[in-house]
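Overview (structure and organization)
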Amino acid sequence: MKEEKKLQERCGKQNPFSVPEGYFEGFADRIMEQLPERESREVPPITTWQRIKPWIYMAAMFCGLMLSVRMFVGEKASTDNDTTEASELADEYIDGIINQTMMGDYTLYQYLTDANAEIYK
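Below is a short write-up of the structure. (Residues numbered from 1 in each chain as written. Predicted model: local features only at pLDDT ≥ 70, side-chain atom pairs only at ≥ 80, totals over all residues. Heavy atoms only, no water.)

Topic: the overall build of the chain
If you tally the helices and strands in the chain, you get five helices and zero strands. Out of the 121 residues belonging to the chain, those deemed buried represent 1%. Of the roughly 13,200 Å² that the chain leaves accessible, carbon and sulfur atoms contribute 57%. (Helix = DSSP H or I, 4+ residues; strand = E, 2+ residues; numbered from the N terminus. Buried < 20%, exposed > 50% of the residue type's maximum accessible area, 1.4 Å probe, protein only. Areas by Shrake-Rupley, 256 points an atom, 1.4 Å probe, with all protein chains shown as cover.)

Written out as structure tokens, the structure is:
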């Protein structure tokens, strides 16, 4: 604080920077005179292809995306039996599935025998 007071006493509170008189009058005109002239170009007409090109590109992109997802995810081959064979599942998964169904042995046996009946085919 003491240093600030000393500086203010010594230099005063006046702003030492000033703008010359009339500097901003006609400022824009002087700048525009210094700029080079630009050549005006004619705008070429937009063709129909140029108008629909982004839409066609977007449709092609979505088709490619759908095809790549189908290729990576794939579809399960349909067979006469849509049920998963017990041999296709690992034994560790079968035990967990049976435990989560909370079925007794008899109920599970009855369900499995009914699954092979004609009404489910």
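A short note on helix α3 (residues 48–73)
For α3, which comprises 26 residues, the first-to-last C-alpha distance of 38 Å matches the rise-based estimate of 38 Å (1.5 Å per residue) to within 8%. If you look at α3, its biggest bend is around 30°, right at Pro 54. Downstream of α3 by a residue or two, Gly 74 has a phi angle that is positive, lying close to 75°. (Expected span 1.5 Å × (residues − 1). Bend = angle between axes of the 7 residues up to and from the residue.)

Here's the deal with the packing of aromatic side chains
In total, this model carries three aromatic pairs according to the counting rule given. Ring plane angle 80° and centroid distance 5.2 Å describe the contact between Tyr 23 and Phe 24, whose orientation is recorded as edge-to-face. With a relative accessible area of 60%, Phe 24 lands in the exposed category. When the ring of Tyr 23 is compared with that of Phe 27, the centres are 5.6 Å apart and the planes differ by 45°; the resulting orientation is tilted. Residue class for Phe 27 comes out partly exposed when judged on its relative accessible area of 32%. Put simply, the rings of Tyr 23, Phe 24 and Phe 27 pair up and form one aromatic cluster. The positively charged end of Arg 30 is found above the aromatic ring belonging to Tyr 23, 5.5 Å away from the centroid. (Phe/Tyr/Trp six-rings, centres within 6.5 Å; stacked < 30°, edge-to-face > 60°. Lys NZ or Arg CZ within 6 Å of the ring centre and 35° of its normal.)

As for the environment of Gln 50
As for its position among the elements, Gln 50 is in helix α3. Side-chain polar atoms of Gln 50 contact the backbone nitrogen of Thr 47, separated by 3.2 Å. (Polar contact = N/O pair within 3.5 Å; in protein donor to acceptor, adjacent residues only side chain to side chain.)

Examining helix α1 (residues 2–11)
Counting buried positions along α1 yields zero of ten residues, so the element is predominantly exposed. Looking at the residues trailing α1, positive phi occurs at Gly 12, about 90°.

A short note on a nonpolar patch on the surface
On the surface, Trp 55, Met 58, Met 61, Phe 62, Leu 65, Val 69, Met 71, Phe 72 and Val 73 cluster together into a nonpolar patch covering about 1,100 Å² of accessible area. What makes Met 58 partly exposed here is its relative accessible area of 36%. (Patch = residues over 30% accessible without salt bridge, like charges linked within 9 Å, V, L, I, M, F, W, Y side chains within 5 Å. Salt bridge = Lys/Arg side-chain N within 4 Å of Asp/Glu carboxyl O.)

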